[in-house]
Amino acid sequence: MIPHNVELGDDSAMKAQAFRMLDDIIRYKLGRSRPVFVSYYATYRCNRRCMFCDLWKMNAPELTTEDAEVVIDRIADFGVKSLGISGGEPLIRKDLEEIAERARERGIITGLNTNGILITKKRAPAIAKAFDAVSISLDGFEKTHDEIRGVKGTFREAFQGLRNLTAARGDCVVGVNLVLTNRNFGEFLAFCRWIKEYVAYITFFPVSESPGETSYSSLYSIPRDRVDDFVEQVLSEKARDPSFIEPSETLIRLLREFIKGKMPYICDAGRLYLGISPNGDLKICPCVSDKPPWKIGSLLDKSMKELLDSDQFYSALEVIKSCRPCLAGCTTPLSLLFRGSVVHQAKEALKYLKINQRTRH
Ligand SMILES: C[S@@+](CC[C@H](N)C(=O)[O-])C[C@H]1O[C@@H](n2cnc3c(N)ncnc32)[C@H](O)[C@@H]1O
Ligand code: SF4
Ligand code: SF4
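Residues numbered from 1 in each chain as written. Chains lettered and ligands numbered in written order. Predicted model: local features only at pLDDT ≥ 70, side-chain atom pairs only at ≥ 80, totals over all residues.

Peer 1: I'd like a description of the site of ligand 1, backed by residues and values.
Peer 2: By nearness alone, 18 residues border ligand 1, and C53, N113, N115, S137 and N177 come closest of all. Going through the elements one at a time, β2 (82-87), β3 (109-114) and β5 (173-180) are the ones with two or more residues in the shell around ligand 1. Class assignment for the residues of the shell around ligand 1 results in eight nonpolar, nine polar and one charged. (Near = placed C-beta within 6 Å. Helix = DSSP H or I, 4+ residues; strand = E, 2+ residues; numbered from the N terminus. Nonpolar A, V, L, I, M, F, W, Y, C, P; charged D, E, K, R; others polar.)

Peer 1: How would you sum up the pairing of strand β4 (residues 133-137)? Please name residues and give values.
Peer 2: Taking burial as the measure, the five residues of β4 include five buried ones, the bulk of the element. Both faces of β4 are covered, namely the face carrying A133, S135 and S137 and the face carrying V134 and I136. Bridging between β3 and β4 involves four bridges; their strand directions are parallel. Looking at the pairing, L112 lines up with V134 of β4. Of the crossover connections in this fold, the one passing from β3 over helix α4 (residues 124-130) to the parallel β4 is right-handed. (Buried ≥ 20, exposed ≤ 12 C-beta atoms within 10 Å, placed from the backbone. Pairing = 2+ DSSP bridges. Right-handed = clockwise from strand over helix to strand, strands pointing away.)

Peer 1: Tell me about the site of ligand 3, and please be specific about residues and values.
Peer 2: Around ligand 3 lies a shell formed by C267, A269, C285, C287, V288, I320, C323, C326 and T331. Across the shell around ligand 3, the residue classes tally to eight nonpolar, one polar and no charged.

Peer 1: So what's going on with the environment of P90? Residues and values would help.
Peer 2: If you trace the backbone, P90 turns up in the loop between β2 and α3 (96-105). Accessibility expressed as a C-beta count within 10 Å gives 24 for P90, which makes it buried. Residues P90 and R45, 45 residues apart in the sequence, show an inter-C-alpha distance of 8.0 Å. The contact partners of P90, leaving out residues within four places of it in the chain, are A42, T43, I85, L96, L112 and T114. (Contact = placed C-beta atoms within 7 Å.)

Peer 1: I'd like a description of the environment of S137, backed by residues and values.
Peer 2: Topologically, S137 is positioned in strand β4. By the C-beta count within 10 Å, which is 23 here, S137 ends up buried. Separated by 22 residues in the primary sequence, S137 and F159 have C-alpha atoms spaced 9.4 Å apart. Contact partners of S137, with chain neighbours within four places excluded, come to N115, G116, A158 and N177.

Peer 1: Describe the confidence of the model for the protein, listing the residues and the values that go with them.
Peer 2: For the protein, per-residue confidence averages 90 on the pLDDT scale, and residues scoring 70 or more make up 87% of the total. Contacts for the low-pLDDT stretch residues 4-10, under 50 throughout, to residues beyond four places or in other chains number 17 contacts. Counting contacts from residues 354-361, a segment whose pLDDT is below 50, to residues more than four positions away or on other chains yields 21 contacts. (pLDDT = per-residue confidence, 0-100.)

Peer 1: Would you mind going over the environment of P35 in detail, with residue names and values included?
Peer 2: Within the secondary structure, P35 is located in the loop between α1 (12-29) and β1 (37-43). C-alpha separation for the pair P35 and R271, spaced 236 residues apart in sequence, amounts to 5.1 Å. Apart from the residues within four sequence positions on either side, P35 is in contact with V80, R271, L272, Y273 and L274.

Peer 1: Give a detailed account of helix α9 (residues 227-240), specifying residues and quantitative values.
Peer 2: With 14 residues, α9 extends 20 Å between its outermost C-alpha atoms, agreeing within 8% with the 20 Å of an ideal straight helix rising 1.5 Å per residue. Residues of α9 that are buried: V227, F230 and V234. Relative to the axis of α9, the buried residues are bounded by an arc of 60° and lie together on one face. Exposed and facing more than 90 degrees away from the buried side of α9 are D229, S236, A239 and R240. Those residues of α9 that are buried lie in contact with α10 (249-259). (Expected span 1.5 Å × (residues − 1). Arc of directions from axis to C-beta.)

Peer 1: Tell me about unusual backbone geometry, residues and numbers included.
Peer 2: In the segment running from P292 into P293, the intervening peptide bond is cis, with an omega of 5°. Tracing the sequence through the fold places P293 in the loop between β8 (281-283) and β9 (295-298).

Spelled out as structure tokens, the structure:
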């Protein structure tokens, strides 16, 4: 998910974008929304085996560079505003910057989720140029991160990647993404204060079931009897530095419900956000399986409009009504953004869009 914690500018391109976003919000309120965010899993290959993730186990054919650009063009033609690229480890693809550049050329805001290991000094400038925002995974201090990520030295490699990127960053907004677990919630605040010196924001989400085949979340969740205190502490920290702690207060409060198994059903899959599998299949949500009935169809064969008019789309919308309530980085913040008062949401939406003042070429 792309952060929305950066100051507003007032150039005319941004105003035009804000009006389009306002239009999206009004459509949403009228029940006629259209997807504004797409998460593309560029590959499931990965150079790590983190304890809570099984995406690397999934074996999927990948798009060629040319086909990935066709897919980007199709989402741009539809008017998607924001593209998040994730994986597996997306930087394993050597053409990732090229693919993201295509999205930027088409006026789409680009975000990257990465474990940071492959951000070499040589590659950093191209990554910074291709992405409006990059979230690097760090799950705590060195010992904790290495334990979670399964390989000693991972923290140092990721942190070096982070430093390489911030040195070359230009207008790219660089932040940290942390998965909250029973292993790291105790050091979370100390880690926030330390990492602040190096990045623009920290975002965090509770460990949850990944779209792979194994469920890990209950094994690693924050203990239920500790979550109230934890949420209070994070809210105090957020009050001290609202823009650095990226999740909204509402979202931080929802952590309690999520951990206690009382999370309300907040879902706008298919209406505000969609996923793309490594082979170019469109799916109803970034966080669900690639298989039918969640898979809608291939963006290599059909336009977004055709796919969103198809029977498969409407069946997928029915299926997700029985989804277990989720709290995830690529879905819940956008849903919360579109709920509430129009004026407040328009302001937040503009912030969300206004990653920086970059001119698009
Ligand atoms: C799937 S990874 C892909 C990008 C890259 N490999 C990385 O680790 O950042 C995207 C984000 O999801 C997080 N993640 C992985 N498994 C998760 C799970 N079971 N619950 C919540 N977040 C998870 C990762 O830590 C990372 O921040
Ligand atoms: S969280 Fe990222 S780095 Fe870890 S196994 Fe999953 S995809 Fe790979
Ligand atoms: S409820 Fe299911 S479909 Fe909806 S956002 Fe959550 S994981 Fe995606």
